[in-house]
Amino acid sequence: MTFKKLADIEITENIVSETNLKDFKLPNNLKKRLSDALTDKNIVIGKYTSYSYHQSSSNFALIPNQYFLYASIVYPLALELIKYFNKFDEVRTFSTQLLGSSQKISSEISSDASLKDFFDSQNDIELFSKFMSSEDSSHRLNAKNIIDSNGNPRTSKDCFRSVILKKINLPDATSGILGDLVYYLSKSPDVYRDLYNYYQSTSVVNTSLIEEKKLRDFAKKVFEYFYFDNWKSLIDNSKTKKSSINSVSYVLHSIDSLIGVIGSFSSSQNKASLSTSNTQRFFDSPISQDDNNYYYFSTQWNGKGNYNLTYSGLKTFIENEFPEFEIDEIDNVYYLKKKPQKFKSILFSSHCTDSGLIYSKSILDRFVSSLLTKPFVLLTGLSGSGKTKLAQAFAQWISHDDSQYCIVPVGADWTNREPLLGYVNALDRDVYVVPENGALKLMIEAYNNQDKPYFLILDEMNLSHVERYFADFLSVMESNDLFKLHDKSSDLKPGVPAEIGWSKNLFIIGTVNVDETTYMFSPKVLDRANVIEFKVDETEIEEFLNSPNEVDMSMLKNQGASMGIGFVDLAENKEFDNTSSEKLKSALVELFKELKKVGAEFGYRTGMEINRLFLQLSEINAKLSDEEKIDIAMMQKLLPKLHGSRRKLCSVLESLAKLCVSSEISDNVKEDFLNNEGPNFSGSSKVIYPLSLEKITRMYKGAVDNGFTSYAEA
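Along each chain, numbering runs from 1 in the same order as the chain's sequence is written. Residue-level local features of this predicted model are given only where pLDDT is at least 70; pairs of side-chain atoms are given and counted only at 80 or more, and the full residue set underlies all totals for whole chains, interfaces and linings. To get the side-chain values, take all heavy atoms of the structure and skip hydrogens and water.

Looking now at the overall build of the chain. Each helix and strand in the chain was counted, giving 28 helices and 24 strands. Across its three principal axes, the chain shows a C-alpha extent of roughly 105 × 70 × 70 Å. Burial analysis of the chain (714 residues in total) assigns 53% to the buried set. Residue contacts follow a heavy-atom distance rule, with two residues in contact if any of their heavy atoms lie within 4.5 Å. Counting contacts in the chain only where the partners sit at least 6 residues apart, residues at least 24 apart contribute 70% of the total. Helix and strand labels come from DSSP, where a helix needs a run of H or I of at least four residues and a strand needs a run of E of at least two; each type is numbered from the N terminus. Here the term buried applies to any residue with accessible area under 20% of the maximum for its type, exposed to any over 50%, and partly exposed to those in between, with areas from a 1.4 Å probe on protein chains only.

In C-alpha cells:
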C-alpha cells in the first residue's frame, strides 16, 4: 500500500452551491449495481424516482440523487482516504501508541516490530503518522481526531465522514448520511468506479479537467489523473535504463516517446537529492512506491523544441491512450478536456424506454435525421399520439439545462412576428419588449453559445396562419440573412441586439393538429420542412393498454448532454459524398414526372435536402437499405405537398402507388392496395416503399370517400 498526501488531491471546495444543484439521473443498470452494493447498509435505491433513502432503527431520511453526484466529485479523494482508514482498522489494537504528535507516532511504529510489520515502507509510516497526529490535523484536512484524548479510537466511518464533509459544504441535517454514502461506496471500489465513470460521461464536455500554466505541473497532474490507481501497469510496460544522480543509482523509465518520464529509487529521496546544478530533476513527492522502489515524476519538461519530454509528446501519448480526451495549449496555458462524445441516437431510444415513452425506432431515426438535415421539422398526426412529448423529450435529453429549450403554445390571434421576436417599446425607444414565452431569449442564447443545441418547440403551430407570424423565419432559413430587430447602433434594454442570425445550433420543431380550428400549411412552408406523421395502430394501442404507466420525463433529463456538441457538429457537417445513390437518383426522376402532372413537382432545394436526408439517415442507422431511405424521403418531403380534389389527385396517387411496388404487381396496385380494406404493406417483398404506399392508400381512399384529400388528416 502506498499513501499519498490528501492535500495534494485537488477537489473543488464548497461543492454544493447554487450553480451546482443540477439533476443527476442514474440509469437503471447503475441503480441495480448500487442497490446490490448498498442495500445491506440500509441505503435503498429508488427505482422509479430521483430519491433513495437511508433507513435507521427509528426513522429514515431521503437521499437526493445529487448525493451520488457529490460522491462522484470526491471520488479520487475518497479512494485515497479509505486506504488510511483501512490501515487504521488493521492497527486499531495499538491505539495508545498512535496518539500524540506525528514524530511520536512515527517513533512508536518504528520501534515496535509487530506494529511496523503492518507498513510497507518508511514513507508510509511517516504519512500515516501525520494523518493520525492529534496535534496537527492538516494532513487529514483539519477533520476531527481519530483517537480521543483517553486513547479510545473512534469508528472509521465516523472519522472518514468528517474528512469528506470538510470538502463538501453541505449545511444540512442529512450531511452525515452523505459521508456514510461515500464511505460505503469506497468500500465497494468497483461499483464506485462505475458511478465515477458515469459522472464523467455526463459532465459538461467543454469544461477543463486540468488547467496549468507550467507544463511540468500539467504533465504530472495529467498522469495522476489517468494512473493514480494504476501506476504499476504503466511502469511495468516502460523501457528502462540505469542512471545516477548525486552518486545515487536509479532506473530511468521511458514510455513511448517520453524519455525518462519516471525515475525509480531504492530509497526515499528529497528535494536536495533529486537536484543537480541548482535544478530539481524530479518532483520530491513520490507518485507511487512498492516493496522495493520509490517512483518520482520528472520535472524536465519543455514546451517546444527537440527534447525528451515535450508538449507534443505528452499530447500524442495521452490522446492515443485515451482517445476520448484531448490536450490543448492556448495562450501558454495547458488544458486537459474531454472530447465531445459522438452522437448516438440508440441511447436516446434506450432512455425513452426507461422513462415510459414508447416510440418505434423508425420514428426516432426519422426524427433525429430530419433535425440533422435541416433545423425545421413538423410533427403531424393523431392528437395525443406523442408529437409534443417527443420534441420535449429529445430537447430535455440532450440539453445541459432548461435554458436550452422552450415550448411555446401558438396563439390563434398571432398575425405577425411579434409573439416570437418582440418589438420596440413605442413609448420608450430604448427598451425592447421581449416575448414572455422565451422564444427570443432562446434565440439570443443560441446565437451566443453556438457549440450547444437549442430547441424552440412551437406547439399547435397551425392554430394561426403560419405564413403570417413565421414569415421572417421562412426567409432567413433559406437566405442565411439576419433577423432585423431594431435600428439602434447599440443593444436595447434588456440586452437585445439590432440583428441576430439563425445559428446552426437552433432547431425549431412544430407540432400540427388538424381540425376545424386550424389552418393548412402552404407549399412554401412544407417545402422547407421535413414532415413526420404520427399514427397509432392496433398493436401499439394494445401494448400500451396492457401496462398504461405514467411517463417519467425526469428519467430523460440531461442524459444525452455530453453528446450535445457532437449533435451540433453532425448537423453542421457538409462533407458528405456528393455522389447520390443511383437508386435515389432514378427514384427521384420518376417521382418528379408523376408529381409534375398536378403541379407538385419539386425544385433544386428539395432535391438537395432529400439527398442530405438520405445521407443523414445513413449516419444515424447504417442498417437502413437504400429503399428504406427513399421511402422515408418520399413520405417526409414529397407527399406532404399533395392536396386537392378527387379528379385532380386519384390518377396521380395511383401512378405513385405503382412506383412503390415491384413491376410484377404494379398493374394490380389498385385492386391489391388502393381499393383493398386490409392490405399488407410491409409483409410482402414486392412492396418497395411500404411507408409511402400506406400513406398513398389512405389519401386515395380519402379522395374517393370525400372528394378531396391532403397529407394532413384529422
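All right, on to a negative patch on the surface then. A cluster of acidic side chains, namely D537, E538, E540, E542 and E543, defines a negative patch on the protein surface. Summarising the element assignment, E542 is placed in helix α21 (residues 538-546). Two distance rules govern patches: like charges are joined within 9 Å, and nonpolar side chains (Val, Leu, Ile, Met, Phe, Trp, Tyr) within 5 Å, applied only to residues with over 30% relative accessible area and no salt bridge. Note on areas: Shrake-Rupley with a 1.4 Å probe; residue coverage comes only from the protein chains shown. Just to be clear on terms, a salt bridge is a Lys or Arg side-chain nitrogen sitting within 4 Å of an Asp or Glu carboxyl oxygen. Charged residues are defined here as Lys and Arg on the positive side and Asp and Glu on the negative side; His and the ends of the chain fall outside this count. Here the site of a charge means atom NZ of a Lys, CZ of an Arg, CG of an Asp or CD of a Glu.

The next thing to look at is the pairing of strand β5 (residues 239-245). Consecutive side chains of a regular strand alternate in pointing toward one face of the sheet and then the other. Here β5 pairs with strand β6 (residues 248-255) via seven bridges, running antiparallel. Paired with K241 across the two strands is L252, which belongs to β6. Strands were regarded as paired on the criterion that DSSP finds at least two bridges between them.

Relative placement of two packed helices is described by the angle separating their axes and the distance separating the axes. Relative to each other, helix α3 (residues 75-90) and helix α6 (residues 122-132) sit at 90°, their axes nearing to 11 Å. In terms of axis orientation, α3 runs roughly perpendicular to α6. Between α3 and α6, the residues in contact are L81, Y84, F85, K87 and F88 and L127, F128, F131 and M132, respectively. Looking at the contact of α3 with α6, its residues break down into eight nonpolar, no polar and one charged. Fitted lines through C-alpha atoms give the axes, limited to the stretch in contact for helices. The angle between two N-to-C directions lies from 0 to 180 degrees. Working rule for angles: under 35 degrees goes down as roughly parallel, over 145 as roughly antiparallel, 65 to 115 as roughly perpendicular, anything else as oblique. For this scheme, ten residues count as nonpolar: Ala, Val, Leu, Ile, Met, Phe, Trp, Tyr, Cys and Pro. Four count as charged, namely Asp, Glu, Lys and Arg, and the remainder, Gly too, count as polar.

Another point: the nonpolar core. In this structure, F376, L378, F470 and L642 are the most contacted members of the largest nonpolar core, which totals 84 residues. Ignoring any residue separated from it by four or fewer positions in sequence, one finds L642 in contact with L595, V598, A600, L649, L653, L656, M699, T709, S710 and Y711. Grouped together as the second largest cluster of nonpolar side chains are 64 residues, L77, I125, F131 and I168 included. Only buried residues count toward a nonpolar core. Its members are Ala, Val, Leu, Ile, Met, Phe, Trp, Tyr and Cys residues joined through side-chain atoms within 4.5 Å.

Moving on: the sheet that holds strand β12 (residues 325-330). Read from one edge to the other, the open sheet built from three strands follows the order β4-β13-β12, with strand pairing classed as antiparallel. The sheet is open, and its two borders are formed by β4 (208-212) and β12, each paired with just one other strand. In this sheet, neighbouring strand axes are inclined to one another by 15° on average, regardless of whether the strands run parallel or antiparallel. The pairing of β4 with strand β13 (residues 333-338) spans four bridges and is antiparallel. Residue pairing in the sheet places S208 in a bridge with K337 of β13.

Now for the pattern of salt bridges. Inspection of the entire model under this criterion finds 31 salt bridges. Residue D402 pairs with K557 through a salt bridge whose shortest N-O separation is 3.4 Å. You can see D402 sitting in the loop between α15 (387-398) and β15 (405-409) and its partner K557 sitting in the loop between α21 and α22 (564-572), a full 155 residues away along the chain. Residue classification places D402 among the partly exposed residues on the basis of a relative accessible area of 42%. Under the relative-accessibility criterion, K557 is labelled partly exposed at 23%. Residue E694 is joined to R698 by a salt bridge in which the shortest nitrogen-to-oxygen separation is 3.0 Å. Remark: R698 and E694 occur in helix α28 (residues 690-706); sequence separation between them is four residues, near one turn of the helix. For E694, a relative accessible area of 22% gives the class partly exposed. A relative accessible area of 19% means that R698 is categorised as buried. When salt bridges with common partners are traced through the structure, they connect K374, E478, D527, R605, E609, K637 and K641 into a single cluster.

Here we take up a nonpolar patch on the surface. Taken together, the side chains of L382, V536, I541, F544 and L545 make up a nonpolar region of the molecular surface, amounting to roughly 440 Å² of accessible area. Tracing the backbone through its elements, the reader meets I541 in helix α21.

So, about the packing of aromatic side chains. Ring pairs shown here join Phe, Tyr and Trp side chains whose ring centres sit within 6.5 Å, with only the six-membered ring taken for Trp; geometry is labelled stacked below 30 degrees between planes, edge-to-face above 60, and tilted in between. All told, the structure shown has 46 aromatic pairs when counted by the stated rule. On the numbers, 4.8 Å between centres and 85° between planes, the contact of Y75 with Y192 is edge-to-face. Of this pair, Y75 sits in helix α3 while Y192 is found in helix α9 (residues 189-202), placing the two residues 117 residues apart along the sequence. Note on Y75: relative accessible area 1%, which makes it buried. Considering the side-chain rings of Y359 and F534, the 6.3 Å spacing of their centres and the 85° angle between planes classify their relative orientation as edge-to-face. Of the two residues, Y359 is situated in the loop between α13 (345-355) and α14 (361-373) and F534 in strand β22 (residues 530-534); the sequence distance between them amounts to 175 residues. Across this residue pair, the class does not change: Y359 and F534 are buried. Connected via pairs of aromatic rings, a cluster forms that spans F223, Y225, F226, Y227, W231, F283, F297, W301, F317, F322 and F325. K337 extends its terminal NZ or CZ atom over the ring of Y335, reaching a point 5.5 Å from the ring centre. Note that K629 overlies the ring of F614, its terminal NZ or CZ placed 4.5 Å from the centroid. Any Lys NZ or Arg CZ that is within 6 Å of a ring centre and within 35 degrees of that ring's normal is treated as a charge sitting over the ring.

The next point concerns the layout of surface pockets. Take a probe with the size of a water molecule and roll it over the atoms, and the empty space left behind shows itself. Space inside the second largest pocket adds up to approximately 1600 Å³. A 1.4 Å probe that fits but cannot get out identifies a cavity on a 1 Å grid over protein atoms alone, an open set with protein on both sides within 12 Å along at least five of seven lines counts as a pocket, and a residue lines either if it has an atom within 4 Å of a point. Lining of the second largest pocket is provided by 48 residues; of these, I363, K535, V536, D537 and E540 occupy positions nearest its centre. Where the lining of the second largest pocket is concerned, the elements lending two or more residues are α14, α15, β22, α21, α25 (626-638) and α28. The element best represented in the lining of the second largest pocket is α21, accounting for six residues. Grid points are joined across faces, edges and corners, and a volume is the space filled by probe spheres set on the points.

Another aspect to go through is the environment of N513. Among the secondary structure elements, N513 is positioned in the loop between β21 (506-512) and α20 (523-526). The class for N513 is buried, based on a relative accessible area of 14%. Sequence spacing of N513 and S383 is 130 residues, and the spatial spacing of their C-alpha atoms is 6.3 Å. Non-local contacts of N513, meaning those with residues more than four positions away in its chain, are made with G381, S383, K387, E460, N462 and T518. N or O atoms closer than or at 3.5 Å make up a polar contact, with two conditions inside protein: a donor-capable atom paired with an acceptor-capable one, and, for residues adjacent in sequence, both atoms drawn from side chains. A polar atom in the side chain of N513 sits 3.0 Å from the side chain of K387.

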